[in-house]
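Coordinates in review
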Amino acid sequence: MNTRSWSEGKPWADAMSHALAEHYGRWTVGWRWAHDEGDFDGGPVGNWCCPRHSITTPEETLTRVVAALREWREWVESLAGWFDAYPLDLADIEDQRILWERAARNLILQVTDRTGCGSGWHGHCRQVLTWFLSRWGVAPDRAQELVDEAIGGRFASWTGPDIVLVEDVAEQLALSVRPDDGARPAGPMPDHLERWLAVRETVPWQTVPEGGRDESVTPSRDGAAEDIRAFDGALDPARAKAC
């Protein structure tokens, strides 16, 4: 079952994620963010776990996909509502810090309730707080920095934070925001694939010695090629072959 879940189940779930994103938009990608140790640690979705436990018959599996997608959509819409419940202005941060603090506190509590504080729940909590700051004008990269600094590694898996810790994180976050943390001018997006290909070509794979020997090394597997065969091959065999 474990082998099948990785060789067949995961590529199928990845292909489903790709198809949903193409049809409905990028917001769908969180449908597999299950509680605890599912496909992705510590998410808000309870209707999907992982291929091993969630893929059964075609009818049951598709029903779970639909339920998980609707659950994720409901959660994202509820977050948007909580964000907008606090109409904040970065330029007036000095007069609104108590509102920023209350908003952060309530969002942390919402995430702890929704995820159950299982494995990796704090990752989604950081994401929600980053979304919140970004919603009100803080540059996304700066928002992530502020959230990481405020939490400071004090949230842990399988452990719900006490109210004193929640209050302190919210206060630290609100106090750290500055009016000049606003969105920065957008520049050209880096081409990460181009950079990765360039780095890959600089490595003399065939001449790297193994264990001090002079013989060429034959790698046991090419991770990139394997991913193309598994994921792209499930979507478009011709495209995977061309790669």
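Criteria and thresholds
Residues numbered from 1 in each chain as written. Predicted model: local features only at pLDDT ≥ 70, side-chain atom pairs only at ≥ 80, totals over all residues. Heavy atoms only, no water. Helix = DSSP H or I, 4+ residues; strand = E, 2+ residues; numbered from the N terminus. Buried < 20%, exposed > 50% of the residue type's maximum accessible area, 1.4 Å probe, protein only. Contact = heavy atoms within 4.5 Å. Areas by Shrake-Rupley, 256 points an atom, 1.4 Å probe, with all protein chains shown as cover. Core = buried A, V, L, I, M, F, W, Y, C linked by side-chain atoms within 4.5 Å. Axes fitted to C-alpha atoms, helices over the stretch in contact; angles between N-to-C directions. Left-handed = near helix turned anticlockwise from the far one by under 90°. Phe/Tyr/Trp six-rings, centres within 6.5 Å; stacked < 30°, edge-to-face > 60°. Lys NZ or Arg CZ within 6 Å of the ring centre and 35° of its normal. Expected span 1.5 Å × (residues − 1). Polar contact = N/O pair within 3.5 Å; in protein donor to acceptor, adjacent residues only side chain to side chain. pLDDT = per-residue confidence, 0-100. Parallel < 35°, antiparallel > 145°, perpendicular 65-115°, else oblique. Nonpolar A, V, L, I, M, F, W, Y, C, P; charged D, E, K, R; others polar.

Quick notes on the overall build of the protein chain
Across its full length, the protein chain holds 10 helices and zero strands. Ordering the α and β elements of the protein chain from the N terminus gives α-α-α-α-α-α-α-α-α-α. Looking at the protein chain as a whole, 37% of its 243 residues qualify as buried. By sequence separation, contacts in the protein chain at least 24 residues apart represent 60% of the contacts at least 6 residues apart. Accessible area for the protein chain stands at about 14600 Å²; split by element, carbon and sulfur atoms hold 54% of it.

Topic: the nonpolar core
Ranked by internal contacts, the top residues of the largest apolar core, which has 47 residues, are Trp100, Leu129, Phe132 and Leu133. Mapped onto this core, the elements with two or more residues apiece are helix 1 (2-24), helix 3 (58-84), helix 4 (93-115), helix 5 (121-135), helix 6 (140-151) and helix 7 (163-176). The residues touching Trp100, leaving out its near neighbours within four places in the chain, are Leu88, Asp89, Leu90, Ile93, Phe132, Leu133, Trp136, Val138, Ala174 and Val177.

A look at the packing of helix 4 against helix 7
The geometry of helix 4 relative to helix 7 is characterised by a closest axis approach of 8 Å and an angle of 140° between their N-to-C directions. For the element pair helix 4 and helix 7, the recorded crossing hand is right-handed. Facing helix 4, whose interface residues are Ile93, Arg97, Trp100, Glu101, Arg102, Ala104, Arg105, Ile108 and Leu109, helix 7 presents Ile163, Val166, Glu167, Val169, Ala170, Glu171, Leu173, Ala174, Leu175 and Ser176.

Observations concerning the packing of aromatic side chains
Within the structure shown, the criterion is met by six aromatic pairs. With a centroid separation of 6.4 Å and 35° between ring planes, the pair formed by Trp33 and Trp72 is classed as tilted. Residue Trp33 is located in the loop between helix 1 and helix 2 (51-54), and its partner Trp72 is located in helix 3; the two are separated by 39 residues in the primary sequence. For the pair formed by Trp33 and Trp72, the shared burial category is buried. Residues Trp75 and Trp82 carry aromatic rings whose centres are separated by 5.8 Å and whose planes lie at 70° to one another, so their mutual orientation is edge-to-face. Residue class for Trp75 comes out buried when judged on its relative accessible area of 1%. Taken together, the ring pairs connect Phe83, Trp100 and Phe132 into an aromatic cluster. Positioned over the ring face of Trp27 is Arg73, at 4.6 Å from the centre of the ring. It is Arg135 that lies over the ring of Trp136; its NZ or CZ is 4.0 Å from the centre.

As for helix 7
Relative to the 20 Å expected for 14 residues at 1.5 Å per residue, helix 7 spans 20 Å between its end C-alpha atoms, a close match to the ideal helical length. Next to the buried residues of helix 7 lie helix 4, helix 5 and helix 6. Of the residues flanking the start of helix 7, the one acting as N-cap is Asp162, its side-chain oxygen 3.1 Å from the backbone nitrogen of Val164.

Things to note about the environment of Val111
Here Val111 shows up in helix 4. Relative accessible area serves as the criterion here: at 0%, Val111 is assigned to the buried category. Once the C-alpha coordinates of Val111 and His122 are considered, the two residues, 11 residues apart in sequence, prove to be 8.5 Å apart. The contacts of Val111, once residues within four sequence positions are left out, are Trp75, Gly116, Trp121, His124, Cys125 and Val128.

A few points about the confidence of the model for the protein chain
Caution applies to low-pLDDT parts of the model: their predicted coordinates are not meant to be read in detail. Predicted confidence across the protein chain gives a mean pLDDT of 87, with 85% of residues reaching 70 or more. By mean pLDDT, helix 9 (residues 223-235) is the weakest element of the protein chain at 70, and helix 7 is the strongest at 97.

Topic: the packing of helix 6 against helix 7
A pair of packed helices is characterised by two quantities: the angle between their axes and the separation of those axes. At a closest axis distance of 8 Å, the pairing of helix 6 and helix 7 adopts a crossing angle of 140°. Regarding the angle of helix 6 to helix 7, the classification is oblique. The handedness of the crossing between helix 6 and helix 7 comes out as right-handed. Contact residues: Arg142, Leu146, Val147, Ala150 and Ile151 in helix 6; Val169, Gln172, Leu173 and Ser176 in helix 7. Here the residues of the contact of helix 6 with helix 7 are counted per class, giving six nonpolar, two polar and one charged.

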